[in-house]
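Fold and geometry: a report
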Amino acid sequence: DDAPAATLTERVVREVKDRVAQRALTPGARLPSIRAFAAAMKVSKSTVVEAYERLTAEGIITSRRGSGFYVDAPLAPL
């Protein structure tokens, strides 16, 4: 990790941003549920909620009520 002092929330934010940058998540792609992502990252659900809120505020993801979170950011140029 390039920032070992990063908080758990920052680690989750970085993971999502990295997946978008690597095109593992493309615009319109559904993100893992909060529960599933928390389990995968070995963090609490509240950590993922905070990370998803930050990513939403940055315009990288968007929330669809009752459906989940989706990538909203455009693809970076190759």
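Since the structure is predicted, the reported quantities are computational estimates derived from the model, not experimental observations. (Residues numbered from 1 in each chain as written. Predicted model: local features only at pLDDT ≥ 70, side-chain atom pairs only at ≥ 80, totals over all residues. Heavy atoms only, no water.)

1. Looking at the overall build of the protein
The condition is simple: Put simply, DSSP H or I for four residues or longer makes a helix, DSSP E for two residues or longer makes a strand, and each gets a number counted from the N terminus. Each residue is placed in one exposure class: buried if its accessible area under a 1.4 Å probe, protein chains only, is under 20% of its type's maximum, exposed if it is over 50%, and partly exposed if it falls in between. Any two residues having at least one pair of non-hydrogen atoms within 4.5 Å are treated as being in contact. Only the protein chains shown count as covering a residue, and every accessible area follows the Shrake-Rupley method with a 1.4 Å probe.
Counting its secondary structure elements, the protein contains three helices and two strands. Along the protein, from the amino end to the carboxyl end, the secondary structure elements read α-α-α-β-β. The buried share of the protein, reckoned over its 78 residues, is 31%. When contacts within the protein are restricted to residue pairs at least 6 apart in sequence, those whose partners lie at least 24 apart make up 54%. Summed over all atoms, the accessible surface of the protein reaches about 5,000 Å², with 52% contributed by carbon and sulfur.

2. Re unusual backbone geometry
Even without a glycine there, the phi angle at Arg-23 is positive, about 65°. Here Arg-23 shows up in the loop between helix 1 (8-21) and helix 2 (34-41). Judged by relative accessible area, Arg-23 falls into the partly exposed class, the value being 31%. Not every positive phi belongs to a glycine, and Lys-42 is a case in point at roughly 60°. Residue class for Lys-42 comes out exposed when judged on its relative accessible area of 74%.

3. With respect to the packing of helix 1 against helix 3 (residues 45-57)
We count it as follows: Axis definition: a line fit to C-alpha positions, over the contact stretch in the case of helices; interaxial angles, taken between N-to-C directions, run 0 to 180 degrees. Each angle is binned into one of four classes, with values under 35 degrees roughly parallel, values over 145 roughly antiparallel, values of 65 to 115 roughly perpendicular, and all other values oblique. Each crossing gets its hand from how the near helix is turned against the far one by less than a right angle, where anticlockwise is left-handed and clockwise is right-handed. Residue polarity is assigned by list, with Asp, Glu, Lys and Arg as charged and Ala, Val, Leu, Ile, Met, Phe, Trp, Tyr, Cys and Pro as nonpolar; anything else, Gly included, falls into the polar class.
For the pair helix 1 and helix 3, the least separation of the axes is 8 Å and the interaxial angle reads 55°. One element, helix 1, and the other, helix 3, form an angle in the oblique class. Between helix 1 and helix 3 the crossing geometry is right-handed. Residues Leu-8, Thr-9, Glu-10, Val-12, Val-13, Val-16 and Lys-17 of helix 1 pack against Thr-47, Glu-50, Ala-51, Tyr-52, Arg-54 and Leu-55 of helix 3. Taken together, the residues that form the contact of helix 1 with helix 3 break down as seven nonpolar, two polar and four charged.

4. Thoughts on the nonpolar core
Short version of the rule: For our purposes a nonpolar core is just a set of buried Ala, Val, Leu, Ile, Met, Phe, Trp, Tyr and Cys residues, chained together by side-chain atoms within 4.5 Å.
If you look at the biggest cluster of nonpolar residues, it comprises 20 residues, and the most contacted ones within it are Val-16, Leu-31, Phe-37, Tyr-52, Leu-55 and Ile-61. Looking at this core, the elements with two or more residues in it are helix 1, helix 2, helix 3 and strand 2 (68-71). Every residue in contact with Phe-37, bar those within four places of it in the chain, is listed here: Val-12, Glu-15, Val-16, Arg-19, Pro-32, Val-48 and Tyr-52.

In short, geometric facts, not functional conclusions.
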